[in-house]
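Results of the structural survey
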Amino acid sequence: MSKATVEQPKASRGRQRTASSAPWVAIDVGYGYTKISTQEGQAHVFPSLVAPAELSNIDLSLSDPQETVKLEGAEYIVGQAAVSRGFRFSEEYDGWWMTTRYKALLHYAGANFVPPGSRIVTGIPLHIFGSQRAQQQISDVFRKALKAPAVAVLPQGFGALCLAISTNSALAQGRVALVDIGSRTTELICFSDGQYLNHESAGVVLGVGQVYTQVAQKLSSQHQRQIDAYEVDWALREDKPIKGHRVLKTARIVASGLTAFIMPVLGASIVLTLLGI
């Protein structure tokens, strides 16, 4: 997962283009982070977190408009600003695209990063991609939240393949297997000459977010304060140390957890490969 940086510029609010000329914007609403990439090469990443705004903030208009969204008559804090909130919406998995949290993330993306009228391409986990009903529901949510004239729903691993091909064009030919490790899911995506091989691809509900959560719980116990899994993530990827705990020591704890996590994943990949992938 690439380094997460929260960016604040507003999306340009020019006249909406016709569907055929509208730019494509890629959005991955991940369990850990929401990632956005535009045709112009701009990239934005923010935590997939949503918390209710405090009533005092609403009444006194103290909330930062770039960190809040209004949805169905209520106001929510989104992204990095929600990490430190005392209460935030809990993790929701299968079917979470119908939840307030998911919709708030899309409204936040639309208010800050996605030009109105953009065509959208998004990815979903393999175990969800097999459901036509889920694909249609996700498409409808994106169309409504972002006023998108077109929405393409693909397996999440497609984005990683496109990035790999952009740096090594040889990957567009022959048989390619790609392991995509996310915050909650890990998937083996298989292609042949650029064509997706559905029956050879597989996914498991297992991700690095579970490791970060375990590390955060251990650190919380050691330091007698609540440490969030995102703090562990940032300490490793942004060199932002956790107060009272050295990054190096944190990295050792995480490395141990990742080793225990990755080996079964690689083992499963090898088995699938031996079966003919």
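Above this text is the structure in question.
Residues numbered from 1 in each chain as written. Predicted model: local features only at pLDDT ≥ 70, side-chain atom pairs only at ≥ 80, totals over all residues. Heavy atoms only, no water.

Structural notes on the environment of Ser-139
Stated formally: Helix and strand assignments come from DSSP, with helices taken as H or I runs of at least 4 residues and strands as E runs of at least 2, each series counted from the N terminus. The criterion used for residue contact is that any of the two residues' heavy atoms lie within 4.5 Å.
Considering the arrangement of structural elements, one finds Ser-139 in helix H4 (residues 132-146). Taking the C-alpha atoms as reference points, Ser-139 and Trp-97, 42 residues apart in sequence, are found 9.8 Å from one another. Contact partners of Ser-139, with chain neighbours within four places excluded, come to Val-151 and Val-153.

A few points about the sheet that holds strand S5 (residues 68-71)
Sheets are built from strands that pair by backbone hydrogen bonding, the pairs being arranged parallel or antiparallel. The line we're drawing: A strand pair is defined by DSSP finding two or more bridges across the two strands. Interaxial angles span 0 to 180 degrees and are taken between N-to-C directions of axes, which are lines fitted to C-alpha atoms, for helices over the stretch in contact.
Spatially, 3 strands are ordered S4-S6-S5 in an open sheet, and the strand pairing comes out antiparallel. Looking at the sheet topology across the chains shown, the edges are occupied by strand S4 (50-52) and S5. Direction aside, neighbouring strands of the sheet carry axes that sit 35° apart on average. Summarising the sheet, S4 and strand S6 (residues 74-78) pair through 3 bridges and their orientation is antiparallel.

Considering the side chain of Asp-233
To keep it simple, the criterion reads: In protein, a polar contact means a hydrogen-donor-capable atom and an acceptor-capable atom, both N or O and within 3.5 Å, with residues adjacent in sequence counting only if both atoms are side-chain atoms; elsewhere, any N or O pair within 3.5 Å suffices.
Residue position: Asp-233 is located in helix H7 (residues 229-237). Here the side chain of Asp-233 touches Tyr-33 through a polar contact of 2.7 Å, side chain to side chain.

A closer look at the packing of aromatic side chains
Let me state the cut-off plainly: Each Phe, Tyr or Trp ring (for Trp, its six-membered ring) is paired with any other whose centre lies within 6.5 Å, and the angle between the two planes then decides the class: stacked below 30 degrees, edge-to-face above 60, tilted in between. Remark: exposure states derive from per-residue accessible area (1.4 Å probe, protein chains only) relative to the maximum for the residue type, with buried under 20%, exposed over 50%, and partly exposed in between.
All chains considered together, the criterion is met by 12 aromatic pairs. Seen from their ring centres, Phe-46 and Phe-113 are 6.1 Å apart, and the 25° between their planes marks the pair as stacked. Of this pair, Phe-46 sits in strand S3 (residues 43-47) while Phe-113 sits in the loop between helix H2 (100-112) and strand S7 (119-124), and the two are 67 residues apart along the sequence. Assigned by exposure class, Phe-46 and Phe-113 land together as buried. A centroid spacing of 5.2 Å and a plane angle of 70° characterise the contact between Phe-158 and Phe-191, whose relative ring orientation is edge-to-face.

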